[in-house]
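Here is how the chains run, residue by residue.
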Amino acid sequence: MKLNLAERLITNNPIRAFSQRHIEGPMLKKMGRHSKYPLCLEIGCGQGIGAEVIAERFGSEKVIATDIDPEQLERAKKNIKKELKGRIEFKVEDAMSLDEPDDKFDAVFSFGVIHHTEDWRKAVKEISRVLKTGGEFFFEEPLRAFMDNFLVRSLTAHPEGGRFNYEEFKSELEKNNIAITGVKRLGNIAVFGAGKKGQ
Ligand SMILES: C[S@@+](CC[C@H](N)C(=O)[O-])C[C@H]1O[C@@H](n2cnc3c(N)ncnc32)[C@H](O)[C@@H]1O
């Protein structure tokens, strides 16, 4: 679901960029089990800082950075560093029905995106489908308690189908053959590393 005005202001700014580069990026990298992830997918790339973090920190040769909103992709294309342009491809894609083949990626990233989807379980299923066996899923997501906060409900327009608590999320990952390998809680926001198991 596209962002409303308040969400755009919260997301598309230098403070968010700083946090992705210097807080979430390093935290996620520490949870990873490999030194390099050659082919990566990012869902909901927003202003494009996640793709930069993936290319620079995760040793990615190629990042496919996707978003449902073409305006966000245009913003991301403008923001991306010149020297990374050849390694990042931008595409409009819906995280709930990815236009990617099965078992393709070494890692998939979601920086605060799954809670924006109308059906978070569909997004988890798609992420598992496109991950290689042994591939990793890195994500940070606000949990239901955060989303149900009065201020968050008043300012933002998140779909009801994108809300989950930690146990629900973990159990859905397991159903889709993904095991959590690391978690850090920042209040009701959780940062995760997880790996796809063999069938
Ligand atoms: C809160 S923003 C996060 C942007 C960026 N990842 C960041 O951390 O700053 C959520 C992003 O997800 C995108 N989005 C929402 N629903 C989506 C969907 N179903 N599939 C792909 N992207 C989606 C929005 O357009 C927006 O750019």
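Let us look at the structure shown here.

Calculation notes
- Residues numbered from 1 in each chain as written.
- Predicted model: local features only at pLDDT ≥ 70, side-chain atom pairs only at ≥ 80, totals over all residues.
- Heavy atoms only, no water.
- Phe/Tyr/Trp six-rings, centres within 6.5 Å; stacked < 30°, edge-to-face > 60°.
- Helix = DSSP H or I, 4+ residues; strand = E, 2+ residues; numbered from the N terminus.
- Buried < 20%, exposed > 50% of the residue type's maximum accessible area, 1.4 Å probe, protein only.
- Lys NZ or Arg CZ within 6 Å of the ring centre and 35° of its normal.
- Contact = heavy atoms within 4.5 Å.
- Polar contact = N/O pair within 3.5 Å; in protein donor to acceptor, adjacent residues only side chain to side chain.
- Near = heavy atom within 4 Å.
- Areas by Shrake-Rupley, 256 points an atom, 1.4 Å probe, with all protein chains shown as cover.
- Nonpolar A, V, L, I, M, F, W, Y, C, P; charged D, E, K, R; others polar.
- Axes fitted to C-alpha atoms, helices over the stretch in contact; angles between N-to-C directions.
- Left-handed = near helix turned anticlockwise from the far one by under 90°.

**Side note on the packing of aromatic side chains**
All told, the structure shown has 14 aromatic pairs when counted by the stated rule. Their ring planes at 50 degrees and their centres at 5.2 Å tell us that Phe139 and Phe169 sit as a pair that is tilted. Pair noted here: Phe139 is in strand E5 (residues 131-142) and Phe169 is in helix H8 (residues 166-175), with a separation of 30 residues, a long-range link. Grouping residues by exposure puts Phe139 and Phe169 together as buried. Here the aromatic residues Trp120, Phe137, Phe139, Phe164, Tyr166, Phe169 and Phe192 are joined through ring pairs into a cluster of three or more. Its end group placed over the ring of Phe58, Lys29 keeps NZ or CZ at 6.0 Å from the ring centre.

**Details of the environment of Arg185**
You can see Arg185 is positioned in strand E6 (residues 178-186). Overall, the relative accessible area of 46% leaves Arg185 in the partly exposed class. Residues Arg185 and Phe58 lie 127 residues apart in sequence; the distance between their C-alpha atoms is 22 Å. Aside from chain neighbours lying at most four places away, what touches Arg185 is Leu143, Tyr166 and Ala190. Side-chain polar atoms of Arg185 contact the backbone oxygen of Gly187, separated by 3.4 Å.

**A word on the site of the ligand**
Taken together, 21 residues lie around the ligand, and Met1, Arg16, Gly44, Asp67 and Ala95 are the ones closest in. At 3.4 Å, a side-chain N or O of Gln20 approaches an oxygen atom of the ligand. Against a free-state accessible area of 590 Å², the protein chains account for coverage of 97% of the ligand. In terms of residue class, the shell around the ligand is made up of seven nonpolar, eight polar and six charged.

**Comments concerning the packing of helix H5 (residues 120-130) against H8**
Axis separation between H5 and H8 bottoms out at 10 Å; the angle between their running directions is 40 degrees. Crossing angle aside, the handedness with which H5 passes H8 is right-handed. Seen from H5, the contacting residues are Trp120, Arg121 and Val124; seen from H8, they are Glu168, Phe169, Glu172 and Leu173. Residues that form the contact of H5 with H8 fall into these classes: four nonpolar, no polar and three charged.

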